[in-house]
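Here's the letter readout for the chains.
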Amino acid sequence: MPDDHWYEDETGSMVRPYTVTGGRTRPSDRHTIDLMSQVTALETDDERRPGVDHARAALLDSVRRGPRPVVELAADADLPLTVVRVLLGDLAEAGLVRIDTPRRTAPGGPAADPELLREIVQRLREL
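It should be emphasised that the depicted structure is a prediction, and the values quoted were computed from it without experimental measurement.

*Asks:* Sorry if this is basic, but what is going on with the nonpolar core here?
*Replies:* The biggest cluster of nonpolar side chains holds 20 residues, and the ones touching the most others in it are V39, L59, V84, L88 and V97. Every element with two or more residues in this core is listed here: α2 (54-64), α3 (70-77), α4 (81-93) and β5 (97-100). When near neighbours in sequence (up to four residues on either side) are disregarded, V39 contacts V63, G66, P67, R68, V70, L73, L88, V97, R98 and I99.

*Asks:* In this structure, what is going on with the sheet that holds β5? I would like to understand it.
*Replies:* Paired through their backbone hydrogen bonds, the strands of a sheet run either parallel or antiparallel. Ordered in space as β4-β3-β5, the three strands form an open sheet in which the pairing is antiparallel. Of all strands in the sheet, those bounded by a partner on one side alone are β4 (68-69) and β5. Direction of pairing for strand β3 (residues 38-41) relative to β4: antiparallel, over a ladder of two bridges. Bridge pairing in β4 places Q38 opposite P69. Running over the sheet, α4 touches β3 and β5 and is turned about 120° from β5.

*Asks:* Mind showing me how you'd approach the environment of R64 here?
*Replies:* Here R64 shows up in helix α2. You can call R64 partly exposed: its relative accessible area is 35%. Along the backbone, R64 and E43 are 21 residues apart, and their C-alpha atoms lie at a distance of 9.4 Å.

*Asks:* Even after reading the chapter, I still don't get the packing of α3 against α4, so can you show me in this structure?
*Replies:* Helix-helix packing is described using two parameters, namely the angle between the two axes and the distance between the axes. Viewed as axis vectors pointing N to C, α3 and α4 meet at an angle of 110°, and their least axial separation amounts to 9 Å. Between α3 and α4, the interaxial angle falls into the category roughly perpendicular. Where α3 crosses over α4, the two elements pack in a sense that is right-handed. Residues V70, L73 and A74 of α3 form the contact with α4, whose own contacting residues are L81, V84, R85 and L88. Per-class residue counts for the contact of α3 with α4 are six nonpolar, no polar and one charged.

Definitions and limits used
Residues numbered from 1 in each chain as written. Predicted model: local features only at pLDDT ≥ 70, side-chain atom pairs only at ≥ 80, totals over all residues. Heavy atoms only, no water. Core = buried A, V, L, I, M, F, W, Y, C linked by side-chain atoms within 4.5 Å. Buried < 20%, exposed > 50% of the residue type's maximum accessible area, 1.4 Å probe, protein only. Helix = DSSP H or I, 4+ residues; strand = E, 2+ residues; numbered from the N terminus. Contact = heavy atoms within 4.5 Å. Pairing = 2+ DSSP bridges. Axes fitted to C-alpha atoms, helices over the stretch in contact; angles between N-to-C directions. Parallel < 35°, antiparallel > 145°, perpendicular 65-115°, else oblique. Left-handed = near helix turned anticlockwise from the far one by under 90°. Nonpolar A, V, L, I, M, F, W, Y, C, P; charged D, E, K, R; others polar.

These figures capture arrangement, not role.
Have a look at this one:
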């Protein structure tokens, strides 16, 4: 996301997360949204739908740049994952995004490769 942060570096959060989500802590049961769910913006006739506030619009703009996993969207938005999941659920309910659950790999597949897992851990430590 460009310089559109919802947090101030010196003062902390400008708006509490529960305010952004209306007090909700999870999306509706119609959507399964985990860290690696892929989010894709859908083509719509009306660009400005009612109920799409600043937080949801900024998240939607990020998704419109290309399909992205939930974890990347949360990191870019600088919002807690629970808040991003609720916002994405709202966008999916409005027909603005599609949320695809990640494909599971077969046992012994790439996700089970010990060398790959070591590399992931190493890169996470570098962050």
